[in-house]
Amino acid sequence: MPVSLDRLLVVGISSRALFDLEAEEAIFRTQGLGAYRKHQIDNEGEILKVGAGFALVRALLKLNTLTPDQRLVEVVIMSRNSTETSLRIFNSIKHYDLDITRAVLSGGASLTPYLHAFNVSLFLSLHEDDVQAAIDSDTAAALLYQKPANAFEELDQIRIAFDGDAVIFSDESERIYQTQGIEAFENHERENALKPLPEGPFARLLKALSYIQNNFKHVSSAPIRTALVTARSSPAHERVIRTLRAWDVTIDETFFMGGVSKSDVLAAFKPHMFFDDQPGHCDRASSYVQTGRVPLRGELKDGKLY
């Protein structure tokens, strides 16, 4: 019978997000596909350095070693590379002993149709167009920033931090804030405190992580720890708490920042990845922790979302 990925946490990651391919990207952009192809083939035996998404991927794959009778995570390389230029990527995967066996090599074509074909729960890339297309197709996706210079040491426990609105939750409330201001936003949240927030692009991922966490309730030190780091504060906190309760999801640590910069809290939490939709928050956080920006389904122009 064919293997099913339906009950797994499937992470799709571009080769450039998993490995450091910035020099190769520069060759492609300045010298063209032919020069890039020649460079990759000539350097097939040279192992690539780790990239922005490497630490998270390796940490997630370690979950499979904790449950030998049940695979929990699958990672799929999703690249616009052609088959002939991909050997260097596979050689590097083998070198780092990553348990990755599946790949999509689209030869320059869009990756979006294959996200659902592989049941991808999370797509990570350094190509903005691919990330935007993934979000628009209802797949959780993030545009990764380059690794911070002071990247933290590898932790045994997987740590993932999320922003709230437009990431875990829908951008419904964010739209009110952007178009009508903070007072209208707070009034709206107060009036709807008992009504669960609609799901955002990362709700499915959060629920999948919560499900995996339940597999380790008997373990004294859980292998996954999550955090919500949101700009919300009172009175907009109640709806968040009630929404997570309605979803039957427990987040280990929650920070209602009320407009205070998130960077110091993130530096203390030390996540493998922080997901936020606001470029300003991401720019500041990316100096401290590995960061992924989640694009909005609409486009923000002149303070308004379309």
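The coordinates are above.
What you see is a predicted model; the values in this text were computed from it and never measured. (Residues numbered from 1 in each chain as written. Predicted model: local features only at pLDDT ≥ 70, side-chain atom pairs only at ≥ 80, totals over all residues. Heavy atoms only, no water.)

**Some words on the packing of aromatic side chains**
Then, number 1: Scanning all chains against the criterion turns up nine aromatic pairs.
Then, number 2: With a centroid separation of 6.4 Å and 45 degrees between ring planes, the pair formed by F19 and F54 is classed as tilted. You can see F19 sitting in the loop between α1 (15–18) and α2 (22–31) and its partner F54 sitting in helix α4 (residues 54–61), a full 35 residues away along the chain. With respect to class, F19 is no different from F54; both count as buried.
Then, number 3: Considering the side-chain rings of F162 and F202, the 6.3 Å spacing of their centres and the 65 degrees angle between planes classify their relative orientation as edge-to-face. (Phe/Tyr/Trp six-rings, centres within 6.5 Å; stacked < 30°, edge-to-face > 60°. Helix = DSSP H or I, 4+ residues; strand = E, 2+ residues; numbered from the N terminus. Buried < 20%, exposed > 50% of the residue type's maximum accessible area, 1.4 Å probe, protein only.)

**So, unusual backbone geometry**
Then, number 1: S234 connects to P235 through a cis peptide bond whose omega is 10 degrees.
Then, number 2: Even without being glycine, D97 reaches a positive phi, approximately 55 degrees.
Then, number 3: Unusually for a residue other than glycine, N119 sits at a positive phi of about 55 degrees.
Then, number 4: You can see N119 is positioned in the loop between α7 (112–117) and β4 (122–125).

**Quick word on the pattern of salt bridges**
Then, number 1: Summed over the entire model, instances satisfying the criterion amount to 23 salt bridges.
Then, number 2: Note that D171 and R175 form a salt bridge whose closest N and O atoms lie 3.3 Å from each other.
Then, number 3: Among the residues examined, D171 registers a relative accessible area of 16% and is labelled buried.
Then, number 4: The class of R175 is partly exposed, set by a relative accessible area of 28%.
Then, number 5: Among the salt bridges present, the one from R232 reaches E189, with a minimum N-O distance of 2.9 Å. You can see R232 sitting in the loop between β7 (224–230) and α12 (237–246) and its partner E189 sitting in helix α10 (residues 182–191), a full 43 residues away along the chain.
Then, number 6: Owing to a relative accessible area of 4%, R232 belongs among the buried residues under this scheme.
Then, number 7: Residue E189 is classed as buried on the basis of its relative accessible area of 0%. (Salt bridge = Lys/Arg side-chain N within 4 Å of Asp/Glu carboxyl O.)

**Description of α4**
Because each turn of an α-helix spans 3.6 residues, side chains separated by three or four positions end up pointing in the same direction.
Then, number 1: Burial of α4 is extensive: six of the eight residues sit out of reach of the surface.
Then, number 2: Among the residues making up α4, those that are buried are F54, L56, V57, A59, L60 and L61.

**Focus on the pairing of strand β2 (residues 73–79)**
Then, number 1: Counting buried residues in β2 gives seven out of seven residues, a clear majority hidden from the surface.
Then, number 2: Of the two faces of β2, both are covered, the one formed by V73, V75, I77 and S79 as well as the one formed by E74, V76 and M78.
Then, number 3: Pairing of strand β1 (residues 9–13) with β2, which is carried by five bridges, proceeds in the parallel orientation. Its bridge partner being in β2, L9 is matched across the sheet by V73.
Then, number 4: As paired elements, β2 and strand β3 (residues 102–105) share four bridges and run parallel to each other. (Pairing = 2+ DSSP bridges.)

**Quick look at the sheet that holds strand β6 (residues 158–162)**
Then, number 1: Strand order in the open sheet formed by ten strands is β3-β2-β1-β4-β5-β10-β9-β6-β7-β8, with mixed pairing between adjacent strands. Two strands close off the open sheet at either side, each with one partner strand: β3 and β8 (253–256). Neighbouring strand axes in the sheet, compared pairwise and without regard to direction, differ in orientation by 25 degrees on average. (Axes fitted to C-alpha atoms, helices over the stretch in contact; angles between N-to-C directions.)

**A short note on α10**
Then, number 1: Within α10, the full set of buried residues consists of F185, H188 and E189. Seen end-on, α10 carries its buried residues on one side only, within an arc spanning 95 degrees. In α10, the exposed positions angled more than 90 degrees off the buried face are occupied by E183 and E191. (Arc of directions from axis to C-beta.)

**Section: the environment of K147**
Then, number 1: Looking at the secondary structure, you find K147 in the loop between β5 (140–144) and β6.
Then, number 2: Relative accessible area serves as the criterion here: at 43%, K147 is assigned to the partly exposed category.
Then, number 3: Separated by 50 residues in sequence, K147 and D97 place their C-alpha atoms 21 Å apart.
Then, number 4: The contacts of K147, once residues within four sequence positions are left out, are V50, G51, A52 and Q290. (Contact = heavy atoms within 4.5 Å.)

**Focus on the packing of α2 against helix α3 (residues 33–42)**
Then, number 1: Where α2 meets α3, the axes come as close as 7 Å, and the angle between the chain directions of the two elements is 150 degrees. By the angle between their directions, the pair α2 and α3 is classed as roughly antiparallel. For the pair formed by α2 and α3, the contact residues are E24, I27, F28 and Q31 on the first element and L33, A35, Y36, H39 and Q40 on the second.
Then, number 2: Of the residues that constitute the contact of α2 with α3, the class distribution is five nonpolar, three polar and one charged. (Parallel < 35°, antiparallel > 145°, perpendicular 65-115°, else oblique. Nonpolar A, V, L, I, M, F, W, Y, C, P; charged D, E, K, R; others polar.)

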